[in-house]
Amino acid sequence: TCPSRVRVVEVGPRDGLQNEPVIVPADVKVALIEALAGAGVTTIEAGSFVSPRWVPQMADTADVLARLRSMPGVSLPVLVPNLQGLDRALAAGVREIAVFGAASESFSRRNINCSIAESFDRFAPVAGAARAAGLRVRGYVSCVLGCPYEGDVSADAVAKVAAALLAMGCYEISLGDTIGTGTPREARQLIERVAADVPIDRLALHFHDTYGQALANILACLDLGVSVVDAAVVGLGGCPYARGATGNVATEDLVYMLDGMGIETGIDLHALARAGQSISRHLDREPASKVARAMAAT
Ligand code: HMG
Ligand code: MG
């Protein structure tokens, strides 16, 4: 049976804007995050403390966080790849971070410049120090349904990385179909396999919509008991280290589907759509979301 409520983790300001060819000014990011919070989104990934040479789009994350008005009840996690990133996050007053690994060696190397085993050695002290400082730590696994360099990725490999992140103290493990190649049966089998090692209520779905499968894949996993789904407003985004990857499932598409199924999210679809229209205008592009386009037309 499907959950009665889904927590939507909005990743547009990070996963979306990290992949835009233009650098979006901090005040536009601030307006986007505040509009998303105003629509009722309670977890909004606000940026990342990674190398500004690797991802210049996220170089102003500290500035964005400093300008945000206080939003009680809204969690604003940021990506952190190493202790240097954690220091920057702590200096910015962050309360939640996410570390990000991969189930494929080649992707790990391209994305964070180390092997999977080395990434565990890096993340463990980051997670430990973060938790000692009272922060919550989320974990990502990339390439859970395919790798842009290696092709197929086994569910066993995904489960191994997910279990390692859990053992490091991550409260939740978000499973990333980075290149959006997965299809529903595989997605479901993946969750069933990973749930043998990580409790299902600790798993989140992070599906990119490159092949238009994300919503179907989410639906296929919901009745297994997963109740946390990552999404990006107007389907912003991609990943700079996965060529051709497009954005996450659009938050509007997800919320429309869940609303229709009577599954609560606490998000006001119309207010969400306005947030999406505003960032689309800034980027001067059509939303990737069908729901957003339909709502704008009516
Ligand atoms: P490296 O070059 O191996 O690191 O990169 P290093 O420790 O040798 O440092 C090299 C330089 O970077 C040094 O500067 C450091 O100070 C600096 P220099 O002395 O040359 O001037 N540096 C930093 N600066 C600021 N903040 C830091 C930091 N760390 C080092 N935290 C590193 C290793 C991990 C840093 C690099 O590979 C990196 O930043 N990677 C991040 C890539 C990234 O952000 N990818 C996108 C996010 S993941 C994603 O999108 C997938 C996800 O959505 C899930 C899915 O869809 O699958 C989460
Ligand atoms: Mg992603």
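In the block above lies the structure referred to throughout.
Numbers given for residues are sequential positions, taken from 1 along each chain in its written order. All chains are assigned letters beginning with A, and all ligands numbers beginning with 1, in the order in which they are written. Predicted model: local features are reported for residues with pLDDT of at least 70 only, side-chain atom pairs are reported and counted for 80 or more only, and whole-chain, interface and lining totals are derived from all residues.

S.K.: Which parts of the structure should I look at to understand the overall build of the protein chain?
M.R.: Every helix listed is a DSSP run of H or I at least four residues long, and every strand listed is a run of E at least two residues long, numbered separately from the N terminus. Each helix and strand in the protein chain was counted, giving 12 helices and 9 strands. With C-alpha atoms as the basis for the radius of gyration, the globule rule is written as 2.2 Å multiplied by the number of residues raised to the power 0.38. The C-alpha atoms of the protein chain give 17 Å as radius of gyration, which agrees with the globular expectation for 298 residues (19 Å, within 12%). With the principal axes as the frame, the protein chain shows a C-alpha extent of 50 × 45 × 35 Å. In the protein chain, which comprises 298 residues, the share counted as buried stands at 52%. Burial is judged by counting other C-beta atoms within 10 Å of a residue's own C-beta: 20 or more means buried, 12 or fewer means exposed, and anything between counts as partly exposed, with every C-beta placed from the backbone.

S.K.: How should the environment of T43 be read in this particular structure?
M.R.: Turning to its location among the elements, T43 is positioned in strand β2 (residues 43–44). By C-beta crowding, T43 is classed as buried, having 21 other C-beta atoms within 10 Å. Counting along the chain gives 75 residues from T43 to E118, while the straight-line C-alpha distance between them is 29 Å. Contact criterion: two residues are in contact if their C-beta atoms, reconstructed from the backbone, are within 7 Å. Filtering out sequence-adjacent residues up to four positions away, T43 remains in contact with R7, V9, E10, S75 and P77.

S.K.: Just checking my understanding: could you explain the nonpolar core for this structure?
M.R.: One broad rule of soluble globular proteins: the nonpolar side chains tend to lie buried together. Note on terminology: a nonpolar core is any set of buried Ala, Val, Leu, Ile, Met, Phe, Trp, Tyr and Cys residues joined through C-beta atoms within 7 Å. Counting residues in hydrophobic clusters, the biggest one holds 94 residues, and the most contacted among them are V141 and V158. The contacts of V141, once residues within four sequence positions are left out, are G101, A102, A103, V158, V161, A162, L165, I173, L175 and G176.

S.K.: I'm lost on helix α4 (residues 83–91) in this one. Help?
M.R.: Helical periodicity: at 3.6 residues per turn, an α-helix aligns residues three or four positions apart in one direction. If you check which residues of α4 are buried, you get G85, L86 and A89. Burial along α4 is one-sided: seen end-on, the buried residues are contained in an arc of 100°. For α4, the elements touching its buried residues are β4 (78–79), β5 (96–102) and α6 (116–132). Positive phi shows up at G93, right after α4, with a value of about 80°. Each direction from the helix axis to a C-beta atom contributes to the arc, which is the arc of those directions.

S.K.: Just to check I follow, could you spell out the site of ligand 1 for this structure?
M.R.: A residue counts as near a molecule or strand when its C-beta atom, positioned from the backbone, falls within 6 Å of it. Taken together, 28 residues lie near ligand 1, and V50, S51, G85, S142 and G176 sit nearest. Mapped by element, the contributors of at least two residues to the shell around ligand 1 are α4, α5 (105–112) and β6 (136–142). Grouping the constituent residues of the shell around ligand 1 by class yields 13 nonpolar, 13 polar and 2 charged. Classification convention: Asp, Glu, Lys, Arg as charged; Ala, Val, Leu, Ile, Met, Phe, Trp, Tyr, Cys, Pro as nonpolar; all other residues, Gly among them, as polar.

S.K.: What exactly am I supposed to notice about helix α11 (residues 269–283) here?
M.R.: Multiplying one less than the number of residues by 1.5 Å gives the expected span of a helix. Between the first and last C-alpha of α11 there are 21 Å, a value that for 15 residues agrees with the 21 Å anticipated at 1.5 Å per step. Along α11, the positions that sit buried rather than exposed are L272, A273, A275, G276, I279 and S280. Within α11, the buried residues cover an arc of 155° as seen down the axis, which keeps them to one side. Projecting away from the buried face of α11 at angles above 90 degrees are the exposed residues H270 and R281. Elements that come into contact with the buried residues of α11 comprise α2 (26–38), α10 (251–260) and α12 (290–297).

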